[in-house]
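# Close look at the chain arrangement
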Amino acid sequence: MKKILLASALLLGVSFTSCNSYLDINTDPNSPAEENVETSMLMPAIEMNTASSYGNFLRIAGGFHAQQYAHLFGTSNYLDYSKFNMSATRSSGTYTQFNQKALQNLKTLLTKAAEQEDWGTYLAGTVLRAFVYEALVDCYGEVPYTEALDLENFPTPKYDEGQVVYEGVIAEINEALEKVSASNIVCTNFLFPSSTADKWIQFANALKLKMLMRMSGVKDVQSEVAALLAENNFPTADVSYKGCWKNEPGQMNPFYSEEFATTWGSTQTNIAANLAIIGTMQVKNSEGAVEYEDPRLAAFFQKNKSSEYIGGISGTNYPKSTSKLQDWCRPVATFDMPVYLITVSEVEFFKAEYYARYGSAADAATHYAAAIEASFASANVSGAADYVARYPFDASNYKKSIGIAKWVALSGVNPFEAWCEMRRLDYPTFGTAKGSDFYTEGDQESYNTSKYVPGTLYTPIQVFGEVGTNKLLERYPYAESSSSRNENTPAFPGYTSPVFWGK
């Protein structure tokens, strides 16, 4: 395991800076012959490439698009994210890594597992495949699926509608679940080391629940969700990559390595907490005194040099010479922080939403409270009951209750999923204040957040013109690494055109 960890961690470091392939056995002549590759060799590399993309690029971009992060004075691409922009080029590396280093190798792993009737490994590979495809749909809306990874269609596979992809991978999970038993062995992996398939079954159910609830606005999936809830076999702990990171170059948590490590990754300071999330988690009265401070705030974001929580503003690039604007809070990050795939809190929020729509308000409120409790437990702080008392579940507007609470809960855990749920639930909404109401560019004395209303968003000071005022970035343009050579790439519907589950 230590040797595999080292190899996979080194792969993780390489994947940040190059396009070199590792175990891309269908395309790389330097890789081992397919017949000589074992599933236990493929799985850790697949996992580390998935973790590096999902836990780094998507976390960072999602944080800016969800107004949980604000830009300091580092790289220009982060400033674009802060303006609610994403180019076809900047997401291209992640798109390629998901396809070549995850999905391509998962295809081989699944083939081998099926040949060996290794149904535990088959389920694990199927769940990871579904997870990657879901993330791609959530970013781009439409992606190659039915003709993807097929050499006969290379390099021009057709793009499938997002709902087709969701329905397809859910069917794949169901087929894998029919074959597996909880006691089946799973090959070497980092997510559930030395584990049988029981925890992978729970992860599969949680992923199905998330995808079904995302589809529920455009398709009747009530019976499928009801069956999952009746079975009630979901993870009892957050599903995350943890315990596999080391304080060594190339072996750290990918977000930490990219943004905080002094011996590896970026040397620039790019990311600060956004005033929106700070102003929601630390509520002040009209005199500016703190009225309520969410105990998770200290677990999610650092205080500044003056021991205060001050958030940055979307859509501007603060000059280094402006000392007052350098003292923003930074996200809490450590070399061994987990890369979360799905949390117990998210599962409970989805349950709360289901019961709010199809069941009783009492059951919805119970699961809403359970979601808050799970979030506080993950942050290792107390105070969940006080939060629920202050922000009780409102059955008359369940989307607002769940949407804002989930946005807060995910701010220190998984900003990408926060961006996804904001687009689906339409909460938090935009308030009346804009970024320009908080700060006038070039005037460092103008910073004033008194007009901010907790639990709201605001238009960035400089907003991407194709998104505009009081709107979220709804999708990414199709990745340049695919669209530049694929004549079947559809016409881009626009940055504010929702993916299928947001319509």
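Scoring rules and cut-offs
- Residues numbered from 1 in each chain as written.
- Predicted model: local features only at pLDDT ≥ 70, side-chain atom pairs only at ≥ 80, totals over all residues.
- Heavy atoms only, no water.
- Salt bridge = Lys/Arg side-chain N within 4 Å of Asp/Glu carboxyl O.
- Helix = DSSP H or I, 4+ residues; strand = E, 2+ residues; numbered from the N terminus.
- Buried < 20%, exposed > 50% of the residue type's maximum accessible area, 1.4 Å probe, protein only.
- Axes fitted to C-alpha atoms, helices over the stretch in contact; angles between N-to-C directions.
- Parallel < 35°, antiparallel > 145°, perpendicular 65-115°, else oblique.
- Left-handed = near helix turned anticlockwise from the far one by under 90°.
- Contact = heavy atoms within 4.5 Å.
- Nonpolar A, V, L, I, M, F, W, Y, C, P; charged D, E, K, R; others polar.
- pLDDT = per-residue confidence, 0-100.

### Comments concerning the pattern of salt bridges
Working definition: two side chains of opposite charge can pair if their charged atoms are close together. Under the criterion given, the structure shown has 19 salt bridges. Glu417 is the partner of Lys210 in a salt bridge, and the nearest nitrogen-oxygen pair spans 3.2 Å. Of this pair, Lys210 sits in helix H7 (residues 198-215) while Glu417 is found in helix H16 (residues 415-425), placing the two residues 207 residues apart along the sequence. Judged by its relative accessible area of 0%, Lys210 is buried.

### Notes on the packing of helix H5 (residues 119-140) against H7
The contact between H5 and H7 brings their axes to 10 Å, and the two run at 25 degrees. With respect to their mutual orientation, H5 and H7 come out roughly parallel. As H5 packs across H7, the resulting crossing turns out to be left-handed. Seen from H5, the contacting residues are Leu123, Ala124, Val127, Leu128, Ala130, Phe131, Glu134 and Asp138; seen from H7, they are Trp200, Ile201, Phe203, Ala204, Leu207, Lys210, Met211 and Arg214. By residue class, the composition of the contact of H5 with H7 is twelve nonpolar, no polar and four charged.

### With respect to the confidence of the model for the protein chain
Of the residues in the protein chain, 90% reach a pLDDT of 70 or more, and the chain-wide mean stands at 90. With pLDDT under 50 throughout, residues 1-30 is counted as low confidence; its partners more than four residues away or in other chains account for 69 contacts.

### So, H16
Residues spaced three or four apart along an α-helix face the same direction, because each turn holds 3.6 residues. Counted residue by residue, H16 has eleven buried out of eleven residues, so it is predominantly covered. Taken as a whole, H16 has its buried residues at Pro415, Phe416, Glu417, Ala418, Trp419, Cys420, Glu421, Met422, Arg423, Arg424 and Leu425. Directly after H16, the chain includes Asp426, whose backbone phi takes a positive value near 65 degrees.

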